[in-house]
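Listed below are the residues making up each chain.
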Amino acid sequence: MSHALLVDLYELTMAAGYLRRGMLQRPAAFDLSFRRTPFGGGYAVFAGLEPALDHLVALRFGGDELRYLQTLGLFDDRFLSWLGSVRFSGRVTAVAEGEVVFGGEPLLTVEGLLGECQIVETALLNLVNFQTLVATKAARVCLAAGGSGVVEFGARRAHGPDGALGATRAAFIGGAAATSHLQAGRSFGIPVSGTQAHSWVMAFPTELEAFRAYAEAFPDQCTLLVDTYDTLRSGVPNAVTVARELRAAGHELRGIRLDSGDLAYLSRQARRMLDDAGFPGVGIVASNELDEQVIESVRKEGGRVNLYGVGTQLVTGGGEEGGALGGVYKLVELDGGPRVKVSSDPAKSSIPGRKRLWRAMGRGASEADGRFQMDVLSAAEETPAPGDLVVDPANPMRTSRVPRGAELVDLRCVVMDEGRRCGPSPALAEAASRARESLKRLPEGTLRLLNPHRYRVALTRRLHALRARMIDEARAPGAPP
């Protein structure tokens, strides 16, 4: 299925207008960023880059798409002919997938011809916003789980088939160890995992018969769902009976699953019953509308869960402050000159011009070695240094200095040039590993679920001065509205 029409109408009407004014070929640059970290958290995990690059490489408006656009009665043959010839030929500079990122940072910059850069806006935002949201949610869930694993269980609650695949991919980047979704397992090489539904248990005359039948079918991969009738009075005792029978036949019960009730209490009691029966190696899986808050509560109350199955709240980015990542795609340069969007809210005014994104890291023999200390945005042609004075983009009165002795690393690189990838697509496991390592290097308190530490993102004085000057000029009497 072609995704060429993953475009909002206004992108094409603007492109048609650019064609009439002879502007399609003007060189331009757009930044993709978000303003606030999701879930009220202290960070986000960047995901969706590789699917975004795949979209740019494959971008084609074929006969079917052009015939549909013709029926709208908006576009003349000259524009449709141009659209049919479009092949993305620009450059993309981006942060690596799996890296932790923060509000106001350009996750990727698209440079090229104005018309081409304009018509890819919706697709890029769709892919990056959703997968970054889910990867961030997965990271929060996995951190809340502590040493216990997390399996993504959410395909049936995801936003359609494409949403299910993208969500599973992003959840793996964010830290999920496996998925129940076989198509995602096949597509991305993610380990798959599953047990059985309550309908299996209900399909047999008794719970014990259902457990025995499943154990007979899968003697070395047997995890039993114990809450269909009564978890502690029948489910766990029947699971122990089957565990004894499996052991006598040379096999071991792998686990039990709790899918309702007080998970902290039930998991403690189930653990005691399994241990007393001689099965300390049988794992306990918990599911049922879990998110990071519930998981943290289960752990704080002494729950004994080895593996959490997380579905709806993970694949939909659910939660009071979830639901969407507020990613935006803004023109920052045209014809080699910077452009700025002005807002009455200073935090929403864009940051003009091509930029570089630097991360200051501790170095030396101290505990701060390798820790992320702050991020700095600079103009493309400048390199900040330790000790430099930098400015908070949301509050110009608040300044700080790049920590002395820090190592400054350019966080982005060119991943596509002249419409072609600069290298092979990296393995998904590489992004997942990067996310794990980056999360470990955040400052203390940034990972808190509530009231996290605010990680500093600053502008160099040069970039701040350019932004302030352009905003003043835009607001001056006689300036274009």
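An account of the accompanying structure is given in this report. (Residues numbered from 1 in each chain as written. Predicted model: local features only at pLDDT ≥ 70, side-chain atom pairs only at ≥ 80, totals over all residues. Heavy atoms only, no water.)

1. Topic: the environment of A360
Here is step 1: Looking at the element boundaries, A360 is found in strand β14 (residues 355-361).
Here is step 2: Taking the C-alpha atoms as reference points, A360 and E407, separated by 47 residues in sequence, lie 5.5 Å from one another.
Here is step 3: With residues up to four places along the chain from it excluded, the contact list for A360 reads R371, F372, Q373, M374, V402, P403, A406, E407 and L408. (Helix = DSSP H or I, 4+ residues; strand = E, 2+ residues; numbered from the N terminus. Contact = heavy atoms within 4.5 Å.)

2. Let's talk about the sheet that holds strand β19 (residues 412-417)
Each strand in a sheet pairs with its neighbour through backbone hydrogen bonds, running either in the same direction (parallel) or in the opposite one (antiparallel).
Here is step 1: Taken in spatial order, the 7 strands make up an open sheet running β13-β12-β1-β5-β3-β19-β20, and their pairing is antiparallel. Sheet topology places β13 (337-338) and β20 (420-421) at the edges, where each strand pairs with a single neighbour.
Here is step 2: Where strand β12 (residues 327-334) and β13 come together, 2 bridges link them in antiparallel fashion. Residue pairing across strands places L334 opposite G337, the latter belonging to β13. (Pairing = 2+ DSSP bridges.)

3. Brief notes about the pairing of strand β5 (residues 108-113)
Here is step 1: The sheet contact formed by strand β1 (residues 27-34) and β5 spans 6 bridges and is antiparallel. Bridging across to β5, D31 finds its partner in T109.
Here is step 2: By the bridge criterion, 4 bridges tie strand β3 (residues 91-95) to β5 in an arrangement that is antiparallel. Paired with A94 across the bridge in β5 is L108.

4. A few points about the packing of helix α2 (residues 49-58) against helix α6 (residues 121-144)
Here is step 1: Across the interface, α2 lies against α6 with an axial gap of 9 Å and an inter-helix angle of 165°. Between α2 and α6, the crossing angle belongs to the class labelled roughly antiparallel. Between α2 and α6 lies a crossing of right-handed hand. Facing P51, A52, H55 and L56 of α2, the residues of α6 in contact are A123, L124, L127 and Q131.
Here is step 2: Tallied by class, the residues present in the contact of α2 with α6 amount to 6 nonpolar, 2 polar and no charged. (Axes fitted to C-alpha atoms, helices over the stretch in contact; angles between N-to-C directions. Parallel < 35°, antiparallel > 145°, perpendicular 65-115°, else oblique. Left-handed = near helix turned anticlockwise from the far one by under 90°. Nonpolar A, V, L, I, M, F, W, Y, C, P; charged D, E, K, R; others polar.)

5. Here we look at the pairing of β3
Here is step 1: Burial analysis of β3 places 4 of its 5 residues in the buried class, the great majority of the element.
Here is step 2: Here β3 pairs with β19 via 4 bridges, running antiparallel. Bridged to T93 within β19 is V414. (Buried < 20%, exposed > 50% of the residue type's maximum accessible area, 1.4 Å probe, protein only.)

6. Looking at the packing of aromatic side chains
Here is step 1: The tally for this structure, following the rule as stated, stands at 7 aromatic pairs.
Here is step 2: Ring geometry for W200 against Y214: centres 5.5 Å apart, planes inclined by 80°, an arrangement best described as edge-to-face. One end of the pair, W200, is in helix α9 (residues 198-202); the other, Y214, is in helix α10 (residues 207-217), with 14 residues separating them in the sequence.
Here is step 3: Note on W200: relative accessible area 28%, which makes it partly exposed.
Here is step 4: Clustering of aromatic rings is evident, with ring pairs tying together W200, F204, Y214 and F218.
Here is step 5: Residue placement shows K137 over the ring face of F39; its charged tip is 4.6 Å from the ring centre.
Here is step 6: Across from the ring centre of F372, 4.6 Å away, lies the NZ or CZ of R359, which sits over that ring. (Phe/Tyr/Trp six-rings, centres within 6.5 Å; stacked < 30°, edge-to-face > 60°. Lys NZ or Arg CZ within 6 Å of the ring centre and 35° of its normal.)

7. Looking at the nonpolar core
Here is step 1: In terms of nonpolar packing, the biggest core is built from 70 residues, with L224, V226, L253, I256, I295, Y308 and V310 touching the most fellow members.
Here is step 2: Broken down by element, this core gets its largest block of residues, 8 residues, from α6.
Here is step 3: With residues near it in sequence (within four places) discarded, V226 still touches E207, F211, T231, G235, V236, A239, I256, R257 and L258.
Here is step 4: If you look at the next biggest cluster of nonpolar residues, it comprises 57 residues, including A28, V101, C117 and L377. (Core = buried A, V, L, I, M, F, W, Y, C linked by side-chain atoms within 4.5 Å.)

8. Topic: α6
Since the α-helix turns once every 3.6 residues, residues separated by three or four places project in the same direction.
Here is step 1: Counted at 1.5 Å a residue, the expected span for α6 with its 24 residues is 34 Å, and the 34 Å between its end C-alpha atoms agrees.
Here is step 2: Burial analysis of α6 places 22 of its 24 residues in the buried class, which makes it a mostly covered element.
Here is step 3: Trailing α6 by a residue or two, G146 shows a phi angle of about 65°, which is positive. (Expected span 1.5 Å × (residues − 1).)

9. Points about the pattern of salt bridges
Two side chains carrying opposite charge are able to pair once their charged atoms lie near each other.
Here is step 1: Taken as a whole and assessed by the stated rule, the structure comprises 26 salt bridges.
Here is step 2: A salt bridge links R272 to D276; the nearest nitrogen and oxygen atoms lie 3.5 Å apart. A residue pair is termed a helical-turn pair when its members lie 3 or 4 positions apart in one helix, as R272 and D276 do in helix α12 (residues 263-276) at 4 residues.
Here is step 3: Owing to a relative accessible area of 61%, D276 belongs among the exposed residues under this scheme.
Here is step 4: Within the structure, one salt-bridge network assembled from shared partners comprises E50, D54 and R421. (Salt bridge = Lys/Arg side-chain N within 4 Å of Asp/Glu carboxyl O.)

10. A look at the sheet that holds strand β17 (residues 395-401)
Here is step 1: Read from one edge to the other, the open sheet built from 6 strands follows the order β17-β16-β21-β15-β14-β18, with strand pairing classed as mixed. On the outer flanks of this sheet lie β17 and β18 (407-410), each paired with one strand and no other. Direction aside, the axes of adjacent strands within the sheet are offset by 35° on average.
Here is step 2: Where strand β15 (residues 372-379) meets strand β21 (residues 457-460), 3 bridges bridge the pair, whose relative direction is parallel.

11. A closer look at a positive patch on the surface
Here is step 1: A surface patch of like charges, here positive, comprises R35, R36, K341 and K348.
Here is step 2: Its place among the elements puts K348 in the loop between β13 and β14. (Patch = residues over 30% accessible without salt bridge, like charges linked within 9 Å, V, L, I, M, F, W, Y side chains within 5 Å. Areas by Shrake-Rupley, 256 points an atom, 1.4 Å probe, with all protein chains shown as cover. Lys, Arg positive; Asp, Glu negative; His and termini not counted. Charge placed at Lys NZ, Arg CZ, Asp CG, Glu CD.)

12. Focus: the environment of A94
Here is step 1: Mapping A94 onto the fold places it in strand β3.
Here is step 2: Residue classification places A94 among the buried residues on the basis of a relative accessible area of 2%.
Here is step 3: Counting along the chain gives 295 residues from A94 to L389, while the straight-line C-alpha distance between them is 26 Å.

13. Observations regarding the side chain of S33
Here is step 1: Looking at the element boundaries, S33 is found in strand β1.
Here is step 2: Among all residues touching S33, those that are not within four sequence positions of it are G104, E105, P106, L107, G326, G327 and V328.

Remember, this is a structural readout, not a statement about activity or role.
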